[in-house]
Amino acid sequence: MANSKGTDTVTVSSNGQIVIPAAVRKALSISAGNQLGFSVNDNQLVLEKLPTALEWRKLMANIPSEKVTFDENGHYDPEKAPEFDEWMRED
C-alpha cells in the first residue's frame, strides 16, 4: 500500500470512513476501543493515539505531590522541591 513517497494510501468510503493500515496501527499500538485525535496542520491530516485511562493513571501516579512555588520568571528552587525537580528531569 505504500506509494512512491513511502506513505500509505487509503480510500475514503461513501460514509467518510477510512481503514487505518495495519502497519500504522501496529506502530502506534492502536487497538479496538482506543480513542484517536485528528487535527489539520498545513493541509495535512494528523492522527494521534490518545492516552488510555490506564496510561493516564500511570502518568498521574508519578506526579510528585509536594508543594512547588515558582518565581516571577517561572523558575522553582530544586532544593525546596526535590521530587518535582527529579520528575521534571526524567526522560
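Our structure is the block above this text.
Nothing here was measured: the structure is a model prediction, and the numbers come from that model.

Some words on the overall build of the chain
Each helix and strand counted, the chain has three helices and two strands in total. Counting from the amino terminus, helix and strand elements in the chain follow one another as α-β-β-α-α. A globule of 91 residues ought to have a C-alpha radius of gyration of about 12 Å, yet the chain, at 20 Å, is considerably larger. The principal-axis extents of the C-alpha atoms in the chain amount to approximately 60 × 30 × 25 Å. Residues counted as buried form 10% of the 91 residues belonging to the chain. Counting contacts in the chain only where the partners sit at least 6 residues apart, residues at least 24 apart contribute 5% of the total.

Some remarks on the packing of aromatic side chains
Within the structure shown, the criterion is met by four aromatic pairs. Centroid distance tyrosine 76 to phenylalanine 84: 5.0 Å. Interplanar angle 80°. Geometry classified as edge-to-face. Through a chain of ring-to-ring contacts, three or more aromatic side chains come together here, namely Phe70, Tyr76, Phe84 and Trp87.

Thoughts on the pairing of strand 2 (residues 44-49)
With six bridges joining them, strand 1 (residues 36-41) and strand 2 adopt antiparallel strand pairing. What sits directly across from serine 39, in strand 2, is valine 46.

Considerations on the pattern of salt bridges
Counted by the stated rule, this structure contains two salt bridges. Between glutamate 55 and lysine 49 there is a salt bridge, with its nearest N and O atoms 3.9 Å apart. A salt bridge links aspartate 85 to arginine 89, with the nearest nitrogen and oxygen atoms 3.1 Å apart. Residue aspartate 85 and its partner arginine 89 are located together in helix 3 (residues 82-89), separated by four residues, close to a single helical turn.

What about the side chain of asparagine 34?
Along the chain, asparagine 34 falls in the loop between helix 1 (22-27) and strand 1. Among the polar contacts listed, one links the side chain of asparagine 34 to the backbone nitrogen of serine 31, at a separation of 2.6 Å. Not counting residues within four places of it along the chain, the set of residues in contact with asparagine 34 comprises Ser29, Lys49 and Thr52.

Quick notes on unusual backbone geometry
The phi torsion at serine 29 lies on the positive side, around 55°, for a residue other than glycine. Relative to the elements of secondary structure, serine 29 occurs in the loop between helix 1 and strand 1. Of note, asparagine 43 is a non-glycine position whose phi angle comes to about 65°, a positive value.

Cut-offs and rules
Residues numbered from 1 in each chain as written. Predicted model: local features only at pLDDT ≥ 70, side-chain atom pairs only at ≥ 80, totals over all residues. Heavy atoms only, no water. Helix = DSSP H or I, 4+ residues; strand = E, 2+ residues; numbered from the N terminus. Rg over C-alpha atoms; globule rule 2.2 N^0.38 Å. Buried < 20%, exposed > 50% of the residue type's maximum accessible area, 1.4 Å probe, protein only. Contact = heavy atoms within 4.5 Å. Phe/Tyr/Trp six-rings, centres within 6.5 Å; stacked < 30°, edge-to-face > 60°. Pairing = 2+ DSSP bridges. Salt bridge = Lys/Arg side-chain N within 4 Å of Asp/Glu carboxyl O. Polar contact = N/O pair within 3.5 Å; in protein donor to acceptor, adjacent residues only side chain to side chain.

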